[in-house]
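# Working through the structure, step by step
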Amino acid sequence: MGNIRFDIIIDYLPLFIKGTLLTLGFTIAGISLGLILGLIIGLGKMSDKSFIRFPFVWYINFFRGTPFLVQILLMHFAIVPLFMAPANPIVSAIIALALNSAAYISEIFRAGIQSIDKGQTEAARSLGMTHAQAMRHVILPQAIKRMIPPLGNEFITLLKETSLAAIIAAPELMYWGRVAGSQYMRVWEPYIFVSLIYLVLTLSLTYLMDRIERRLKTE
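Overview of the structure. (Residues numbered from 1 in each chain as written. Predicted model: local features only at pLDDT ≥ 70, side-chain atom pairs only at ≥ 80, totals over all residues. Heavy atoms only, no water.)

## A closer look at the overall build of the protein chain
Quick reminder of the rule: Starting at the N terminus, helices and strands are each numbered in turn, a helix being any DSSP run of H or I of at least four residues and a strand any DSSP run of E of at least two. Burial here depends on accessible area, computed with a 1.4 Å probe over protein chains only, as a share of the maximum for the residue type. Under 20% is buried, over 50% is exposed, and the range in between is partly exposed.
Summing up its helical and strand segments, the protein chain has eight helices and zero strands in all. Each helix and strand of the protein chain, ordered N terminal to C terminal, gives the series α-α-α-α-α-α-α-α. Principal-axis analysis of the C-alpha atoms places the extent of the protein chain at approximately 70 × 45 × 25 Å. Out of the 219 residues belonging to the protein chain, those deemed buried represent 38%.

Here it is, written out as structure tokens:
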């Protein structure tokens, strides 16, 4: 290993910071879009009509049953070029993260909704609420409290999955670690430093989600 070269970290520190901000941006964008799509997909999978339910079931099976690396490569080199030439790696990464996250979040929504006693829905309907109103005002507020822990885990998982965006040259944190390693022909310093940043981010998110979970339990 030899002497540790701190100059590599110092030289690339502005780019590591820039990459960290983009990594957080990828995560927030992916989870935000994933929440919207996940709710739609989760409700679609719960439909009594098979022609509505089956497409959502297969969507979930595909994105949960194939590696994210394959998904992001397909998105960047096969799908996004149909609408954008050349394909922008940032756009490709966000779409891939959102679609992948939506598949997992949809199952979280489904499990959370189905965990609420059916009597709650029946009581809401007896008060004159429509199914949509009962879902919005009665079921979802209760289910969300139960969804917080798995949603927090998905947030952290998505944060780590952003590192695969480096494979399509999206300039996030891992990308700059690879660039620094290639330029200086050193892997120890840039990769350990990148790992430490990921560790700080995941531990911070874990702490934040624990605080939110404890607060919801006391309400």
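## Focus on the pattern of salt bridges
Where charged atoms from two side chains of opposite charge come close, those side chains can pair. Let me state the cut-off plainly: Here, a salt bridge means any Lys or Arg side-chain nitrogen found within 4 Å of an Asp or Glu carboxyl oxygen.
The tally for this structure, following the rule as stated, stands at five salt bridges. Here Glu107 and Arg110 are joined by a salt bridge, their closest N and O atoms 3.2 Å apart. Taken together, the positions of Glu107 and Arg110, both in helix 4 (residues 89-114) and three residues apart, correspond to about one turn of that helix. Relative accessible area serves as the criterion here: at 22%, Arg110 is assigned to the partly exposed category. Bridged by salt links that share partners, the residues Lys45, Arg64, Glu107 and Arg110 form one connected network.

## Here's the deal with the environment of Ser50
Its location among the elements puts Ser50 in helix 2 (residues 50-65). For Ser50, a relative accessible area of 34% translates into the label partly exposed. Sequence separation between Ser50 and Pro171 is 121 residues, and the spatial gap between their C-alpha atoms is 42 Å.

## Some words on a nonpolar patch on the surface
Where we set the bar: Residues forming no salt bridge and having over 30% relative accessible area are the ones grouped into patches, like charges within 9 Å of each other and nonpolar side chains (Val, Leu, Ile, Met, Phe, Trp, Tyr) within 5 Å. For accessible areas, the Shrake-Rupley method is used with a probe of radius 1.4 Å. Any residue's cover is judged against the shown protein chains and nothing else.
Nonpolar side chains collect at one region of the surface, where Ile4, Phe6, Ile10, Val187, Trp188, Ile192, Leu196, Leu199 and Leu203 lie side by side and expose about 910 Å² of accessible area between them. Of all the elements in the fold, those that place two or more residues in the nonpolar patch are helix 1 (6-45) and helix 8 (188-218). If you tally residues by element for the nonpolar patch, the top one is helix 8, at five residues. With respect to the helices, strands and loops of the structure, Leu196 is situated in helix 8. Taking relative accessible area as the criterion, Leu196 reaches 46% and is therefore assigned partly exposed.

## Points about the packing of aromatic side chains
Counted only if it meets this: In summary, the pairing rule links any two rings of Phe, Tyr or Trp, Trp by its six-membered ring, whose centres are within 6.5 Å, and it sorts them by plane angle into stacked for under 30 degrees, edge-to-face for over 60 and tilted for everything else.
Taken as a whole and judged by the stated rule, the model has six aromatic pairs. For the ring pair Phe16 and Phe193, a centre distance of 5.3 Å and an interplane angle of 45° mean the geometry is tilted. One end of the pair, Phe16, is in helix 1; the other, Phe193, is in helix 8, with 177 residues separating them in the sequence. Ring plane angle 90° and centroid distance 5.0 Å describe the contact between Phe62 and Phe63, whose orientation is recorded as edge-to-face. Given the relative accessible area of 10%, Phe63 is considered buried.

## Considerations on the packing of helix 1 against helix 7 (residues 173-184)
The test is simple: What counts as an axis is a line fitted to C-alpha atoms, over the stretch in contact for a helix, and the angles between N-to-C directions run from 0 to 180 degrees. For classification purposes, an angle smaller than 35 degrees is called roughly parallel, one larger than 145 roughly antiparallel, one from 65 to 115 roughly perpendicular, and anything else oblique. We call a crossing left-handed when the near helix sits turned anticlockwise from the far one by less than a right angle, and right-handed when that turn is clockwise. What makes two residues a contact is simply this: any of their non-hydrogen atoms within 4.5 Å. Amino acids are sorted into nonpolar (Ala, Val, Leu, Ile, Met, Phe, Trp, Tyr, Cys and Pro), charged (Asp, Glu, Lys and Arg) and polar (every other residue, Gly among them).
Running from amino to carboxyl end, helix 1 crosses helix 7 at an angle of 155°, the nearest separation of the two axes being 7 Å. By the angle between their directions, the pair helix 1 and helix 7 is classed as roughly antiparallel. In this structure, the crossing between helix 1 and helix 7 has a hand that is right-handed. Contact with helix 1, carried on its side by Asp7, Ile8, Asp11, Tyr12, Leu15, Phe16, Gly19, Thr20 and Thr23, involves Leu173, Trp176, Gly177, Val179, Ala180, Gln183 and Tyr184 of helix 7 and no other residues of that element. Among the residues making up the contact of helix 1 with helix 7, the classes are represented as nine nonpolar, five polar and two charged.

## Overview of the side chain of Thr162
Tracing the backbone shows Thr162 in the loop between helix 6 (131-161) and helix 7. Residue Thr162 is classed as buried on the basis of its relative accessible area of 0%. Excluding its chain neighbours within four sequence positions, the residues that come into contact with Thr162 are Thr23, Phe26, Thr27, Leu97, Glu172 and Tyr198.

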